[in-house]
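# Results of the structural survey
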Amino acid sequence: MYGEVDVNYNLFPMLAHTPYLQIGGALSTGGNLGDALGNVSFNNLNSYVKAGLGVEFMASKRFGVEANVFSSYMLNDTMDEVQRGRFNDYYWGGKVGVNYYLNLFK
């Protein structure tokens, strides 16, 4: 279980398709949902920073389809429960998603 906050910077926001840069951070409990709910404490929280890039295609004024790749760097070396080496744990990931924009700020 995790919570994440990201900021995207659209390189060409007025076009129907735009590449974007992404930075963010998060807290993760590791394990599954049952472990997280039964054993929530500050000792089992893992924090990480994240950076990535992607592209979004606007299908209409309110719907967009996006794809991105990212790298997450843990701020400690306890994600895999093995503390070894000079560097903290990290992982690569990717996602494909659909965005719906509410247009609250016109």
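Scroll up to find the structure.
Before going into details, it helps to say that this report is about the structure given with it. Being a predicted model, the structure only gives us computed values, none of them experimental.

## Notes on the pattern of salt bridges
Applying the stated criterion across every chain yields a total of three salt bridges. The salt bridge involving K50 is made with E4; its shortest N-O contact spans 2.7 Å. Remark: E4 occurs in strand β1 (residues 2–10) and K50 occurs in strand β3 (residues 46–58); sequence separation between them is 46 residues. Given a relative accessible area of 7%, K50 falls into the buried group.

## Things to note about the pairing of strand β2 (residues 17–28)
Alignment of β1 against β2, held across nine bridges, turns out to be antiparallel. Bridge pairing in β2 links D6 to G24. In the sheet, β2 pairs with β3 via 12 bridges, with the strands oriented antiparallel. Counted as the bridge partner of S28 is N46 from β3.

## Comments concerning the packing of aromatic side chains
This model, assessed by the stated rule, comprises two aromatic pairs. Judged by centre distance (6.1 Å) and plane angle (65°), the rings of Y48 and Y91 are edge-to-face. On the criterion of sequence distance, the pair formed by Y48 in strand β3 and Y91 in strand β5 (residues 90–100) is long-range, its members being 43 residues apart. Taking relative accessible area as the criterion, Y91 reaches 28% and is therefore assigned partly exposed. Between F63 and Y100 the ring centres are 5.0 Å apart and the planes differ by 55°, which places this aromatic pair in the tilted class. Here F63, found in strand β4 (residues 63–74), pairs with Y100, found in strand β5; they are 37 residues apart in sequence, far enough to count as distant. Classification of F63 by relative accessible area gives partly exposed; the value is 41%. Look at Y100 and you get partly exposed, because its relative accessible area is 44%. Directly above the ring of F70 sits K50, whose terminal nitrogen or CZ lies 4.3 Å from the centroid.

## Some words on the sheet that holds β1
Pairing is antiparallel across the open sheet formed by five strands, whose spatial order is β1-β2-β3-β4-β5. Since the sheet does not close on itself, it has two edges, and those belong to β1 and β5, each with one partner. Across the sheet, the mean angle from the axis of one strand to that of its neighbour is 25°, orientation sign disregarded.

Conventions used here
- Residues numbered from 1 in each chain as written.
- Predicted model: local features only at pLDDT ≥ 70, side-chain atom pairs only at ≥ 80, totals over all residues.
- Heavy atoms only, no water.
- Salt bridge = Lys/Arg side-chain N within 4 Å of Asp/Glu carboxyl O.
- Helix = DSSP H or I, 4+ residues; strand = E, 2+ residues; numbered from the N terminus.
- Buried < 20%, exposed > 50% of the residue type's maximum accessible area, 1.4 Å probe, protein only.
- Pairing = 2+ DSSP bridges.
- Phe/Tyr/Trp six-rings, centres within 6.5 Å; stacked < 30°, edge-to-face > 60°.
- Lys NZ or Arg CZ within 6 Å of the ring centre and 35° of its normal.
- Axes fitted to C-alpha atoms, helices over the stretch in contact; angles between N-to-C directions.

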